[in-house]
Amino acid sequence: MVAVQRCLFFVTLHGSPSDAIALVEGDNVITTVVTAQDGSTTATYTITVTRTKPVIVNTGTLLILNSTYGTPSVSGTFNVSGTNMLEGILVAPPIEFEVSADNVTFTDNITIGAAGTISATPVYIRLKGNIGVGNYIGNIVLSSNSAITVNSPQLSGTVSKAALIVTADDKSKPYGSANPTLTVSYSGFVNGDTEASLDVTPSISTTATASSPVGLYAITASGASSPNYSISYVDGNLTVGHVALI
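Residues numbered from 1 in each chain as written. Predicted model: local features only at pLDDT ≥ 70, side-chain atom pairs only at ≥ 80, totals over all residues. Heavy atoms only, no water.

Caption draft 1: Looking closely at the overall build of the protein. When you go through the protein residue by residue, the secondary structure sums to 0 helices and 23 strands. The C-alpha atoms of the protein give a radius of gyration of 35 Å, which is well past the 18 Å a tight globule of 246 residues would have. For the protein, the proportion of its 246 residues judged to be buried stands at 33%. When contacts within the protein are restricted to residue pairs at least 6 apart in sequence, those whose partners lie at least 24 apart make up 58%. Counting every atom, the protein has about 13,600 Å² of accessible surface; 54% of that belongs to carbon and sulfur. In the protein, 8 positive and 15 negative side-chain charges are present, and the distance between their average locations comes to 5 Å. (Helix = DSSP H or I, 4+ residues; strand = E, 2+ residues; numbered from the N terminus. Rg over C-alpha atoms; globule rule 2.2 N^0.38 Å. Buried < 20%, exposed > 50% of the residue type's maximum accessible area, 1.4 Å probe, protein only. Contact = heavy atoms within 4.5 Å. Areas by Shrake-Rupley, 256 points an atom, 1.4 Å probe, with all protein chains shown as cover. Lys, Arg positive; Asp, Glu negative; His and termini not counted. Charge placed at Lys NZ, Arg CZ, Asp CG, Glu CD.)

Caption draft 2: Highlighting the sheet that holds strand β10 (residues 76-85). Across the sheet, which stays open at both edges, the 4 strands sit in the order β8-β10-β14-β12 with antiparallel pairing between neighbours. Sheet topology places β8 (55-59) and β12 (97-100) at the edges, where each strand pairs with a single neighbour. Geometrically, the sheet is characterised by an average inter-axis angle of 30° between neighbouring strands, direction not taken into account. (Pairing = 2+ DSSP bridges. Axes fitted to C-alpha atoms, helices over the stretch in contact; angles between N-to-C directions.)

Caption draft 3: Broad picture of the side chain of lysine 173. Here lysine 173 lies in strand β18 (residues 171-174). Among buried charged residues, lysine 173 stands out as having no salt bridge; its nearest opposite-charge side chain is aspartate 170, 15 Å away. A polar contact is formed between the side chain of lysine 173 and the backbone oxygen of threonine 209, at a distance of 2.8 Å. The contacts of lysine 173, once residues within four sequence positions are left out, are Ala178, Asn179, Pro180, Thr209, Ala210, Leu238, Thr239, Val240 and Gly241. (Salt bridge = Lys/Arg side-chain N within 4 Å of Asp/Glu carboxyl O. Polar contact = N/O pair within 3.5 Å; in protein donor to acceptor, adjacent residues only side chain to side chain.)

Caption draft 4: Seen up close, the sheet that holds strand β19 (residues 184-187). The strand order across the open sheet formed by 3 strands is β19-β17-β22, and the pairing between neighbours is mixed. One side of each edge strand has no neighbouring strand; the edge strands of this open sheet are β19 and β22 (229-234). With direction set aside, neighbouring strand axes in the sheet form an average angle of 25°. Both strand β17 (residues 162-168) and β22 contribute to a ladder of 6 bridges, which runs parallel. Across the sheet, the residue bridging to threonine 167 is valine 234, located in β22.

Caption draft 5: Representation of the nonpolar core in the model. One finds Phe78, Val91, Val123, Ile125, Ile140 and Leu142 to be the most contacted residues of the largest nonpolar core, which totals 34 residues. Per-element tally for this core: the top contributor is strand β14 (residues 116-127), with 4 residues. Here valine 123 is in contact with Gly76, Thr77, Phe78, Val80, Val91, Val99, Ser100, Ile110 and Ile112, once residues within four sequence places are set aside. Core analysis: the second largest hydrophobic core is formed by 7 residues, Ala168, Leu182, Ile219 and Leu238 among them. (Core = buried A, V, L, I, M, F, W, Y, C linked by side-chain atoms within 4.5 Å.)

Caption draft 6: Fine view of the pattern of salt bridges. For the structure shown, the criterion picks out 2 salt bridges. For glutamate 98, the salt bridge identified is with arginine 126, shortest N-O distance 2.7 Å. Within this pair, whereas glutamate 98 is found in strand β12, its partner arginine 126 is found in strand β14, the two being separated by 28 residues in sequence. Two residues, aspartate 108 and lysine 128, come together in a salt bridge whose shortest N-O distance is 2.9 Å. Of this pair, aspartate 108 sits in the loop between β12 and β13 (110-112) while lysine 128 sits in the loop between β14 and β15 (134-143); the two residues are 20 residues apart in sequence, bridging distant segments of the chain.

Caption draft 7: Summary view of a nonpolar patch on the surface. On the surface, Tyr175, Val214 and Val243 cluster together into a nonpolar patch covering about 250 Å² of accessible area. Mapping valine 243 onto the fold places it in the segment after β23 (236-241). Residue classification places valine 243 among the partly exposed residues on the basis of a relative accessible area of 42%. (Patch = residues over 30% accessible without salt bridge, like charges linked within 9 Å, V, L, I, M, F, W, Y side chains within 5 Å.)

As structure tokens, then:
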């Protein structure tokens, strides 16, 4: 009995191969009739070819992966191996995660190994840095030609809010004039976000009015909101100065 991995088989007669013979999984009995040189005497031979099914195996336990919005998580790892493979093993995580063979370059999916036996190979996985705040769960899908797809191990991860600081800009004006336009500056935006990314932009106010006497008045910002940021505020100052006399 002969064990093979490919789904096609060839018999060579008189130096020339036969047409391809498709093999099913399990035992395949191939019968060959040989005719002697006298043109009439024949002999029948059989060969049993066993086509074995590719098998994917994964090992290892992944811990919960945690990250802050805008930053990939620390990677976890598990091992992938295979026997009687017709091609490599495609590793496809849920869309919120990414994988790597070297823990350096991460992509949406990778292929491990090639045809034949694939020894235990580490696969690194982490939460992407550009996904929103929330809890994520799903299976890693391991697949390959003719192999039973493996949906394991189960993944879970949490992305927490990033810190965003809103600072009221300092302003000044002469006594008796209208207040200048109040503005703020931001520190902590990630993933290319801007003020336009906020669900609600901050309100800016001061107690100073056009008739307020010379002095310093606080400028405050408040009320901004975003699902991806934990927002804090820093006050600014409005300086009301003396009017220059000519």
